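# Results of the structural survey
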Amino acid sequence: MATTRFVDVQALSGLVQALGTSRFLEALADTIREDFLRWPEFDKSARLASHSALGVIELMPVSNGQRYAFKYVNGHPGNTAHGLPTVMAFGVLAEVQTGLPVLLSELTLTTALRTAAMSALAAQAVARPGSRRMALIGNGAQSEFQALAFHALLGIDELRIYDIDAQAMDKLERNLAAWPALRVRRAASVTEAVRGADIVSTLTARKARATIVTPEMLEPGMHLNAIGGDCPGKTELHAEVLRAARVFVEYEPQTRIEGEIQQMAADFPVVELWRVLAGAEAGRQSEDQVTVFDSVGFALEDYSALRLIHALALQHGAGQDIALVPSAGDPKNLFRLTRPRAG
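This one's a predicted model, so the numbers in the text were calculated from it and none came from an experiment. (Residues numbered from 1 in each chain as written. Predicted model: local features only at pLDDT ≥ 70, side-chain atom pairs only at ≥ 80, totals over all residues. Heavy atoms only, no water.)

Right, let's get into the overall build of the protein. When its secondary structure is counted, the protein shows 10 helices and 17 strands. Relative to the globule expectation of 20 Å for 343 residues, the C-alpha radius of gyration of the protein, 21 Å, shows essentially globular dimensions. Its C-alpha atoms put the protein at 75 × 45 × 40 Å along the principal axes. Counting only residues that meet the buried cut, the protein has 52% of its 343 residues in that class. A separation threshold of at least 6 residues defines the contact pool for the protein, and within that pool the share at least 24 residues apart is 71%. As displayed, the protein offers around 15,200 Å² of accessible surface, 53% of which is attributable to carbon and sulfur atoms. Separation of charge centres in the protein, based on 33 positive and 38 negative side chains, amounts to 4 Å. (Helix = DSSP H or I, 4+ residues; strand = E, 2+ residues; numbered from the N terminus. Rg over C-alpha atoms; globule rule 2.2 N^0.38 Å. Buried < 20%, exposed > 50% of the residue type's maximum accessible area, 1.4 Å probe, protein only. Contact = heavy atoms within 4.5 Å. Areas by Shrake-Rupley, 256 points an atom, 1.4 Å probe, with all protein chains shown as cover. Lys, Arg positive; Asp, Glu negative; His and termini not counted. Charge placed at Lys NZ, Arg CZ, Asp CG, Glu CD.)

So, in structure tokens, the structure goes:
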């Protein structure tokens, strides 16, 4: 009987707790790296987005010769006022040979984890070696994951935080108190937070053409991890920041539409990160060069996350097998399922 492994929020939470958040992030970053090194094998496309005045709903597909994956995800900045997350998601991993979905998984918590793992993986590739101080602008649902990923994968040990919502900063400080080796300092402004930072991560939610980081805030050798600008009409960096930097992206056709570089001309130069990971192109070119990872989130990262979750769920017995598709009986007689069972 063909079944689908179902991993809900509780099951995924159990997997993360079993490994530990830092170890899970490290495993996820390793899995993403493995798949990015197989970049040419994948059939890729920009995600399909349905925009409204209040947010966006997107489908993100990707496949290779063995597995197909997609993610359903939304982005509604006003959701927190209604007791809902800004981002909610689920995903499917299926066999290409048969089309059988082998995994149906929550991806809301997973998206925060994979975004953090991807950010840290990019910084490993292009940030200045020895970076230890990071500014974290925007302290919402993804902020703890970003902090822990950079702490675990790059050795960041000082975090300067800023959010227009003081309660968000309170929440972040409380949640990171269990990691005493990561010192958290509150800042009174974006300018104060980024001053002296090796790495600046921006993860704000408002759907607007914002300029969170401006040219005068840049310092030699700084790396900017811009993840909040992820749909048309939404940015975080001043255009002159991009002009002053070497810019790295995930999948260029998608980032041109949704990323920070939507502000720039179509021929504005960028480097797809997979080429740096594969050694096909240089990352950072000098100690003083400013670098930007213009991250919008790409389907291959979710493929990696689903692949890891499926393996861990089977290894740890997490989740449950469900009959998502009919399998018992004559596959040509689907009508049988509408008739009462005998006896």
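Read on for the rest.
Bringing the packing of aromatic side chains into the picture now. With the rule as written, the count across this model stands at eight aromatic pairs. On the basis of an interplanar angle of 35° and a centroid distance of 5.6 Å, the ring pair of Trp39 and Phe298 is categorised as tilted. Note that Trp39 is positioned in the loop between α2 (21-36) and β2 (48-51) and Phe298 in the loop between β16 (291-294) and α10 (299-316), a separation of 259 residues in sequence. One exposure class covers both Trp39 and Phe298, and it is buried. Three or more aromatic residues joined by ring pairs form one cluster here, namely Phe36, Trp39, Tyr251, Trp274 and Phe298. (Phe/Tyr/Trp six-rings, centres within 6.5 Å; stacked < 30°, edge-to-face > 60°.)

Turning to its location among the elements, Ala181 is positioned in the loop between α5 (166-176) and β9 (183-186). Residues Ala181 and Gly130, 51 residues apart in the sequence, show an inter-C-alpha distance of 16 Å. Discounting chain neighbours no more than four positions away, the residues touching Ala181 are His151 and Asp157.

Another point: the environment of Thr191. With respect to the element layout, Thr191 can be found in helix α6 (residues 190-194). With relative accessibility at 37%, the residue Thr191 sits in the partly exposed group. For the pair Thr191 and Gly138, spaced 53 residues apart in sequence, the C-alpha to C-alpha distance is 13 Å.

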